[in-house]
Amino acid sequence: MIQMTRRRILGLLIASVVLLIVQAPAFGQETPPVPLKVLFVGNSYTSVNDLPSMVAGLAEAAGGRKIDVDRHLVGGCTLEKHVKDQKAIDKIREEKWDVVVLQEQSLRPVIDRQSMHEYARLLDAEIKKQGAKTVFYLTWARQHIPDMQEGADPTQSPEYAKAMYGISGVSKTTDLETWCQQQNAGLVGGLNGACLDISKELGAGVAPVGIAWKAALAADPPFVLHSQDKSHPNPTGTYLAACVFYATLLDASPVGLPGKIKHGEKVLADIPDDQAKRLQEIAWGAVKGVAFTTATAHASEPHPVYLIFDTDMMGDVDDVGTAAVLHALADQGEVKILAMGVCVKNPWSPLCMDALNTYFRRPDIPLGVVKGPAHDRASKYAQGIAEEFPHALKSAEDAPDAALVYRQVLAGQPDASVVMVSVGQLTNFRNLLKTGPDDHRNLGGTELVKRKVRVWVCMGGKIPEGREANLINDGPAAAYAIEHWPTPIVFSGWEIGQEIMTGAGLRKAPEGTPVRRAYELYNGLNDRQSWDQTAVLYAVRGLDGGLADYWDVVTEGYLHVNDDGSDAWRTTPDKDHTYLVRKMAPKKIAAVIEKLMLRQP
């Protein structure tokens, strides 16, 4: 055995120390994060203007985590063809990707949703085997067929159905009516429905590019995103798509990134700063509005919505109908009711609410009441329900402060997980924002809401402008709460529920049930407007795109509320405010609501 000399040993030690010093990061510096490895599988919608490189360029400009991209792109290719020619699967197996993006052919989600979903499942299974996550690329409608985005009932939009039928190429084998029946899900749900449904089923992410495109095309002035063929993107359209992918993949806002993106010496996009900022804001709003991004998609089954419900349970009877809808959705596993609050001073209102919760076998739901000055008026039904049906609460004075109940409940929930719904005055919401730190959380009310609440769905306001009871009956509270609320707000305005008539169907309900009895006391079991039910229905089923065929949404602008409670929708500045717009026939929505109202525990 050769013995090393002391001098040689000392030399090796010195060399090792020098090597360690050279390789180690400087003091105070962090090792840069490992780049995110992303594979794009798709066709020309991805390759035109080199979307993958543009996404990587945005990440490079941001100076944080980089995105390393690769691609397998074949013009006109469907997911079915990608599976059958095996090359995409070979590419997925080739390296250890973090994310694989799947882009379906632009028409397939509408004209053959079943096929899209079948082959999406096969590719997702391969992706999961490699330890990667799937992100679906939700694309945009063709310029001349805008109904592609969210779909439409063929009977309500026959021109859309005829256009898609002509494109499908089945006119020689299938008549229009039969084809519409076969493809109804795709026609009604459109691109959004097809993509959001499969992402929920598989627990995958979704990059909502088409949703962002729709918002940009509706901007004032509108952006031009399509190329001359009315199908593919121009550089501005691809830049918007890249901003959506940046936000989706890194769960970070693209606002503030440059509008000029280069790949080597080639300029991929050169968007003026003001336009780039607007596109970035639209992209970030679209991503925040979709729950199943790569940051949040982690389960193969959708979870119930975690919800706090605030009601005025006093004047109109639709509050009772809304409580019935909420309990029916809870019985079906669609929602978990975390807490309830009553925002008015009528002493019978919280007892009525407690009686309803007891009847629906949820007597333990935390129930709070407004403390301090608040709206009050007589009720046609609250006392009757409280006196005729059992409940544990003895008096309104015995109930805790709703704002403090909300604080306690929010403190125990995961960040950005709670949906709050208001169907009355906003006194409790204003009071919540003004609370200070307590034993449950060392945060003030606004910061606690910002951390724990995903979105607030508010039945309130007349849009585009007017005076509506939930806002004007405590105008200062409404103005303060809406102006200072730190998370997105969705408004279901007076005009949404005004034409949706429910209540007469409760004559089919068993006699001696509280929901039927409340409508009997209120108007003799006749129909009544369903203002409040729309807010709960949207909060539970609509936030992730599930009610795209019920209502359109407007995302640009904000609702301005004066101290007297009057309101007006303003287009600038753009805030995290959205309002619903009528789409489906009111009678069809009424049938859905009334079925839920009739459900017995």
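So, here's what we can say about the structure.

Conventions and cut-offs
Residues numbered from 1 in each chain as written. Predicted model: local features only at pLDDT ≥ 70, side-chain atom pairs only at ≥ 80, totals over all residues. Heavy atoms only, no water. Helix = DSSP H or I, 4+ residues; strand = E, 2+ residues; numbered from the N terminus. Buried < 20%, exposed > 50% of the residue type's maximum accessible area, 1.4 Å probe, protein only. Contact = heavy atoms within 4.5 Å. Areas by Shrake-Rupley, 256 points an atom, 1.4 Å probe, with all protein chains shown as cover. Lys, Arg positive; Asp, Glu negative; His and termini not counted. Charge placed at Lys NZ, Arg CZ, Asp CG, Glu CD. Expected span 1.5 Å × (residues − 1). Axes fitted to C-alpha atoms, helices over the stretch in contact; angles between N-to-C directions. Parallel < 35°, antiparallel > 145°, perpendicular 65-115°, else oblique. Left-handed = near helix turned anticlockwise from the far one by under 90°. Polar contact = N/O pair within 3.5 Å; in protein donor to acceptor, adjacent residues only side chain to side chain. Pairing = 2+ DSSP bridges. Disulfide = S-S within 2.5 Å. 1 Å grid on protein atoms, 1.4 Å probe; cavity = no way out; pocket = protein on both sides within 12 Å on 5 of 7 lines; lining within 4 Å. Points joined across faces, edges and corners; volume = space filled by probe spheres on them. Salt bridge = Lys/Arg side-chain N within 4 Å of Asp/Glu carboxyl O. Nonpolar A, V, L, I, M, F, W, Y, C, P; charged D, E, K, R; others polar. Core = buried A, V, L, I, M, F, W, Y, C linked by side-chain atoms within 4.5 Å.

## A look at the overall build of the chain
Item 1. When helices and strands are counted, the chain shows 25 helices and 20 strands.
Item 2. Taken over 601 residues, the chain has a buried fraction of 55%.
Item 3. Sequence separation of 24 or more characterises 79% of the internal contacts of the chain that already satisfy a separation of 6 or more.
Item 4. By element, 52% of the accessible surface of the chain is carried by carbon and sulfur atoms, the whole surface being about 26000 Å².
Item 5. A gap of 5 Å separates the mean positions of the 63 positive and 72 negative side-chain charges of the chain.

## As for helix α13 (residues 273-288)
Item 1. With 16 residues, α13 ought to run about 22 Å at 1.5 Å a step, and its terminal C-alpha atoms sit 22 Å apart, in line with that.
Item 2. Turning to α13, its buried residues number three or more, namely Ala-276, Arg-278, Leu-279, Gln-280, Ile-282, Ala-283, Trp-284, Ala-286 and Val-287.
Item 3. Buried residues in α13 make contact with α11 (209-217) and α12 (235-250).

## As for the packing of helix α3 (residues 51-62) against α12
Item 1. Put simply, α3 and α12 touch, their axes get as near as 9 Å, and they point 60° apart. In terms of axis orientation, α3 runs oblique to α12. Where α3 crosses over α12, the handedness of that crossing is right-handed. Here Leu-51, Met-54, Val-55, Leu-58, Ala-59 and Ala-62 of α3 come into contact with α12, specifically with Pro-235, Thr-238, Tyr-239, Ala-241, Ala-242, Cys-243, Phe-245, Tyr-246, Leu-249 and Leu-250.

## As for the side chain of Ser-106
Item 1. Tracing the backbone through its elements, the reader meets Ser-106 in the loop between β3 (99-102) and α6 (108-111).
Item 2. Within polar-contact distance, the side chain of Ser-106 engages the side chain of Arg-142 at 3.1 Å.
Item 3. The contacts of Ser-106, once residues within four sequence positions are left out, are Tyr-45, Thr-139, Arg-142, Met-148 and Leu-191.

## Things to note about helix α7 (residues 113-129)
Item 1. Over its 17 residues, α7 runs 24 Å from end to end, which matches the ideal 24 Å to within 8%, given 1.5 Å per residue.
Item 2. When we look at burial in α7, the residues that qualify are Arg-113, Ser-115, Met-116, His-117, Tyr-119, Ala-120, Leu-123, Asp-124, Glu-126 and Ile-127.
Item 3. The elements touched by buried residues of α7 are α4 (79-84), α5 (87-94), β3, α6, β4 (133-137) and α10 (184-202).
Item 4. A positive phi of about 80° marks Gly-131, the residue just after α7.

## Description of the sheet that holds strand β13 (residues 465-466)
In any sheet, the strands associate via hydrogen bonds between backbone groups, in a parallel or an antiparallel arrangement.
Item 1. With antiparallel pairing, three strands are arranged side by side in an open sheet as β13-β19-β18. The open sheet has two free edges, formed respectively by β13 and β18 (558-561), since each of these has just one partner strand.
Item 2. The sheet contact formed by β18 and strand β19 (residues 567-570) spans four bridges and is antiparallel. Residue pairing across strands places Tyr-558 opposite Arg-570, the latter belonging to β19.

## Here's the deal with the state of the cysteines
Think of a disulfide as a covalent bridge from one cysteine sulfur atom to another cysteine sulfur atom.
Item 1. As enumerated under the stated definition, the model contains zero disulfides in all.
Item 2. Here Cys-77 is not cross-linked by a disulfide; its sulfur's nearest cysteine counterpart is in Cys-195, at 17 Å.
Item 3. Since its relative accessible area comes to 3%, Cys-77 is described here as buried.
Item 4. Unpaired in terms of disulfides, Cys-343 finds its nearest cysteine sulfur in Cys-458, a separation of 11 Å.

## Considerations on the layout of surface pockets
Item 1. Taken as a whole, the second largest pocket spans an internal volume of roughly 1100 Å³.
Item 2. Lining the second largest pocket are 42 residues, and of these Ile-211, Gly-285, Val-553, Thr-555 and Thr-578 sit closest to its centre.
Item 3. Elements that contribute at least two residues to the lining of the second largest pocket include exactly α10, α11, α13, β12 (453-459), β17 (551-554) and β20 (577-582).
Item 4. Broken down by element, the residue count for the lining of the second largest pocket peaks at seven residues, all from α13.

## Remarks on the pattern of salt bridges
Item 1. Counted under the stated rule, the structure contains 34 salt bridges.
Item 2. With its nearest N and O atoms 2.8 Å apart, the salt bridge here joins Glu-126 to Arg-93. Of the two residues, Glu-126 sits in helix α7 while Arg-93 sits in helix α5, which places them 33 residues apart along the sequence.
Item 3. According to the relative accessible area criterion, Glu-126 is buried, its value standing at 9%.
Item 4. With a shortest N-O distance of 2.9 Å, Arg-582 and Glu-499 are connected by a salt bridge.

## Side note on the packing of helix α14 (residues 318-331) against helix α24 (residues 531-541)
Item 1. Orientation of α14 relative to α24, taken along the N-to-C sense of each, is 20°, at an axis distance of 7 Å. The pairing of α14 with α24 is recorded here as roughly parallel in orientation. In the packing of α14 onto α24, the handedness of the crossing is right-handed. Contacts between α14 and α24 involve Asp-318, Asp-319, Gly-321, Thr-322, Val-325, Leu-326 and Leu-329 from the first element and Trp-531, Asp-532, Gln-533, Val-536, Val-540 and Arg-541 from the second.
Item 2. Among the residues forming the contact of α14 with α24, the class breakdown is six nonpolar, three polar and four charged.

## Remarks on the nonpolar core
Item 1. Counting 69 residues, the largest nonpolar core has Leu-307, Phe-309, Met-353, Tyr-381, Val-419, Val-421 and Trp-551 as the members making the most contacts within it.
Item 2. No other element matches α14, which puts eight residues into this core.
Item 3. The residues contacting Leu-307, other than those within four sequence positions of it, are Leu-326, Val-335, Lys-336, Ile-337, Leu-338, Ala-339, Val-419, Val-421, Ala-539 and Val-540.
Item 4. Membership of the second largest hydrophobic core comes to 45 residues, among which are Val-38, Val-209, Trp-213 and Ala-241.

## Things to note about the environment of Gln-130
Item 1. Its place among the elements puts Gln-130 in the loop between α7 and β4.
Item 2. Along the backbone, Gln-130 and Pro-254 are 124 residues apart, and their C-alpha atoms lie at a distance of 29 Å.
Item 3. Residues contacting Gln-130, with those up to four places away along its chain left out, are Ile-92, Arg-93 and Lys-96.

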